[in-house]
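Coordinate analysis (summary)
Below, each chain spelled out in residue letters.
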Amino acid sequence: MDLDTVKERAGPRQFSPKDDMPQEYREAATRMIQFHANSEVMGGYLEKPFIRQAPSLDRKLAFSAKVQDEIGHAQLLYRAAESLGVKTRDEMLDELAEGKGKFLNCFHYPMKTWYEVPMIGFFVDGAAMRRQATLKSTSWEPYAHAMDKVCFEEGFHVKHGEDMLRELMTSSKANQERTQEAFEEWWPRVIQFFGPVNSQSTHHGFAAEVGLKTKSNDELRQAFLNTYIPKAERYGLEIPDTPEIIYHEDEGRYEVVEEDLDWDQFWTIAKNDYDGSYEQIGSRADRQEAVEWVREQMDSYETAHSGTAPQAAD
Amino acid sequence: MSLDGPHSLTPDERDAVEELLFRMADDEYVAAERYIEWQIFAPTLESDLALSNIAQDEFGHARLWYDLLQDMGYSEQECIWERDPATWTHSTLVEQPFEEGDWADAILRSYLYDTAENLRMEALVDSSYPPIADRVAKVLAEERYHREHAQSWLERLTGGEHHEKVQAAVDRLFPYALTLFAAGPNEDAIVELGLRTENLDDLREEWLEIVVPFLESLDLTVPEPDEVALPEETGRDASHTDAWFDLYEDFTHTYNELELEEPIRLRGEG
């Protein structure tokens, strides 16, 4: 299929491994899905220490299940990315360990306290939900299919995140203050989740033309702010003064003053070159290396046992 | 003979029921608290998912048994969050820390523990305390899966280049595993009242009859059980290794920091 035909036919779930897709499409889709899959893994790195910190048995169970779901999502997404025939899962996981794989800006900031946990669990996941919901109508069918399950589970995660926020904001004054502090730290990062305005986005044009993306970053940011500013306020959080957010009452929309956000830091993160990037990616590389022997052993076991009894397989 | 629910027990019966329940709940809770260390860090995405499942099953079982203690008047705070760590009665097998990357330890520990857990649950199917007997079936089904998971991993990890890692785990963990069968102060009453239909010595024998031949079939050397000196800390008399006190401090850190009114219960969790 040539590129013009792709653009002409682009629509929800239009293309699948049965179609002969041009290289440009396959590479763009791989880049997008790999980024998404990497983000699931690296989000897990951020949240994992807090399974142990959960302050009730039910919370702990729910949080452990959440972290497990993220790995499940990564598994689905790498499969959807592999189906484009550009990279294998192992190649993508190696790139992640080597610091070449890209992932969401918010997951480059290690968390230190429980007060930060709902910042990811409610706001970042809420932002991710917005984007993921639109990807149910992406043009690469395996990606859209993965989104059906991911969005279903993310719905529970966001609810749980919201409940953690509610619990903190209805507890002691000290807890409320520390939650507000965490919110102030995370709020600019969460807004940057949606990236720069369209004109600055490198890949948006093509991805939109071939139906991989169905909504622009601006539209997604707008929808997020419309929903989450009132929610934050309802739980007693104060929206920080910086970045300035102007509410246009006549249009019912919020405008973020872009210059108030630290784009140098954003682009440093995009290159995996921020301090937190090294910390998070380094942690992944170390952990992966520590169990390299297990993967080697699995490979040699497979080799030794394949062919001996093909009838007995599966 | 069958006992009634929690409210008509004599003081002696109550002591025996509590000891049995705390042993089970603490084992499951602490085992799971260690397993979650592998979440995100497991060798592959698939093994990560499987071990996470096991951890959540064990937390779920812990909750079943703590719930029965709560029916007897304890709160979740008293069972877990504000309980003196020097009164927990889990086996010291499950509190042992993992060395980084030591997947062989995680798998062997699960095999030793889950094999014992299967036997323990089978000995509770006809418990004279109905609230226990009612809950065993669910636990048993899940523990069988855990044991099969560990067995199939052990088959893959042994006999190759990294065989020694599994052997090292056997050498280190086997003495601690024997503490699973160490008695607490009310053991005689537990058996006499029919709370558990087998005594710990018989369970130990049955466990050895399964575990030793299986490990030996994988060319692992298992210490002669009767010559193994039990660790000084068995857990069953509430004596514990230092690692447990560190672990307890770690998992109660946020609970203590937040000072919430009570640990939250969420509905709809299996």
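Residues numbered from 1 in each chain as written. Chains lettered and ligands numbered in written order. Predicted model: local features only at pLDDT ≥ 70, side-chain atom pairs only at ≥ 80, totals over all residues. Heavy atoms only, no water.

Quick word on the overall build of chain B
Each helix and strand in chain B was counted, giving 10 helices and 0 strands. Going residue by residue from the N terminus, the α and β elements of chain B occur as α-α-α-α-α-α-α-α-α-α. At 18 Å, chain B has a C-alpha radius of gyration in line with the 18 Å of a compact globule built from 270 residues. Dimensions along the principal axes, computed over C-alpha positions, put chain B at roughly 60 × 45 × 35 Å. Looking at the 270 residues of chain B, the share that counts as buried comes to 63%. Taking the intrachain contacts of chain B between residues at least 6 apart in sequence as the baseline, contacts between residues at least 24 apart amount to 81%. Approximately 10600 Å² of chain B is accessible, and the part contributed by carbon and sulfur atoms is 45%. (Helix = DSSP H or I, 4+ residues; strand = E, 2+ residues; numbered from the N terminus. Rg over C-alpha atoms; globule rule 2.2 N^0.38 Å. Buried < 20%, exposed > 50% of the residue type's maximum accessible area, 1.4 Å probe, protein only. Contact = heavy atoms within 4.5 Å. Areas by Shrake-Rupley, 256 points an atom, 1.4 Å probe, with all protein chains shown as cover.)

Describing the overall build of chain A
A count of helices and strands for chain A gives 13 helices and 2 strands. Rg of the C-alpha trace for chain A: 21 Å, near the compact-globule value of 20 Å for 314 residues, within the 12% margin. Overall size of chain A, expressed as C-alpha extent along the three principal axes, is 65 × 50 × 35 Å. Residues classed as buried in chain A amount to 54% of the 314 residues present. Taking the intrachain contacts of chain A between residues at least 6 apart in sequence as the baseline, contacts between residues at least 24 apart amount to 76%.

Notes on the confidence of the model for chain A
Residue and element names in this part refer to chain A. On average, residues of chain A carry a pLDDT of 93, and 95% of them reach 70 or more. Predicted confidence in chain A is weakest over strand S2 (residues 253-256), with a mean pLDDT of 85, and strongest over helix H3 (residues 49-53), with 98. Within the model, the stretch residues 309-314 combines pLDDT values under 50 with 0 contacts to residues more than four positions away or in other chains. (pLDDT = per-residue confidence, 0-100.)

So, the pairing of S2 of chain A
Here S2 of chain A shows a clear split, with Tyr 254 and Val 256 of chain A buried on one side and none of Arg 253 and Glu 255 of chain A buried on the other. Taking the residues that link successive antiparallel strands as the turn, the strand S1 (residues 245-248) of chain A-S2 of chain A hairpin has 4 residues, and the phi of Gly 252 of chain A there is positive, at about 60°. (Pairing = 2+ DSSP bridges.)

Things to note about the environment of Cys 79 of chain B
All names here are of chain B. Of note, Cys 79 is situated in helix H3 (residues 76-81). Residue class for Cys 79 comes out buried when judged on its relative accessible area of 0%. Residues Cys 79 and Val 125 lie 46 residues apart in sequence; the distance between their C-alpha atoms is 24 Å. Residues within four places of Cys 79 in sequence aside, it is in contact with Phe 22, Tyr 66, Leu 69, Gln 70, Tyr 74 and Trp 88.

Structural notes on the environment of Ala 16 of chain B
Looking at the element boundaries, Ala 16 of chain B is found in helix H1 (residues 11-35). Sequence separation between Ala 16 of chain B and Asn 118 of chain B is 102 residues; the distance between their C-alpha atoms is 21 Å.

Focus: the interface of chain A and chain B
A common way to state how big an interface is: give the accessible area lost once the parts meet. Taken together, the contacts link 47 residues of chain A with 54 residues of chain B. Each partner contributes to the roughly 4800 Å² buried at the junction of chain A and chain B, and carbon and sulfur atoms together form 61% of this total. For the chain A face of the interface with chain B, the top three residues by lost area are Arg 52, Leu 57 and Trp 293 of chain A, together amounting to 17%. In this structure, the connection of chain A to chain B is made through 9 salt bridges. Glu 257 of chain B is paired through a salt bridge with Arg 178 of chain A; the nearest N and O atoms lie 3.1 Å apart. Connecting chain A to chain B are 26 residue pairs in polar contact (both at pLDDT 80 or more). Listed by contribution, the elements that provide at least two residues to the side of chain A that touches chain B are helix H2 (23-47), H3, helix H4 (57-82), helix H7 (141-169), helix H8 (173-192), helix H12 (275-290) and helix H13 (292-305) of chain A. (Buried area = accessible area lost by both parts, 1.4 Å probe. Salt bridge = Lys/Arg side-chain N within 4 Å of Asp/Glu carboxyl O. Polar contact = N/O pair within 3.5 Å; in protein donor to acceptor, adjacent residues only side chain to side chain.)

Topic: the pattern of salt bridges
For side chains bearing opposite charge, pairing can occur when the charged atoms are close. Taken as a whole and assessed by the stated rule, the structure comprises 42 salt bridges over all chains. Across the pair Glu 142 of chain B and Lys 138 of chain B runs a salt bridge whose closest N-O atoms are separated by 3.4 Å. Remark: Lys 138 of chain B and Glu 142 of chain B occur in helix H5 (residues 130-157); sequence separation between them is 4 residues, near one turn of the helix. The class of Glu 142 of chain B is buried, set by a relative accessible area of 19%. Each member of the salt-bridge network shares a partner with another, and the members are Arg 52 and Lys 60 of chain A together with Glu 33, Arg 34, Glu 37 and Asp 250 of chain B.

Points about the packing of aromatic side chains
Scanning the model with the defined rule gives 40 aromatic pairs over all chains in all. Centre to centre, the rings of Trp 88 of chain B and Phe 251 of chain B are 6.1 Å apart; their planes meet at 65°, and the pair counts as edge-to-face. Here Trp 88 of chain B is found in the loop between H3 and helix H4 (103-122), whereas its partner Phe 251 of chain B is found in helix H9 (residues 242-251), with 163 residues between them in sequence. Considered together, Trp 88 of chain B and Phe 251 of chain B belong to a single accessibility category, that of buried residues. The rings of Phe 122, Phe 123, Phe 183, Trp 187, Phe 193, Phe 194, Phe 224, Tyr 228 and Tyr 235 of chain A are connected pair by pair, giving a single aromatic cluster. Here Arg 189 of chain A stacks its cationic end above the ring of Trp 186 of chain A, 4.6 Å away from the centre of that ring. (Phe/Tyr/Trp six-rings, centres within 6.5 Å; stacked < 30°, edge-to-face > 60°. Lys NZ or Arg CZ within 6 Å of the ring centre and 35° of its normal.)

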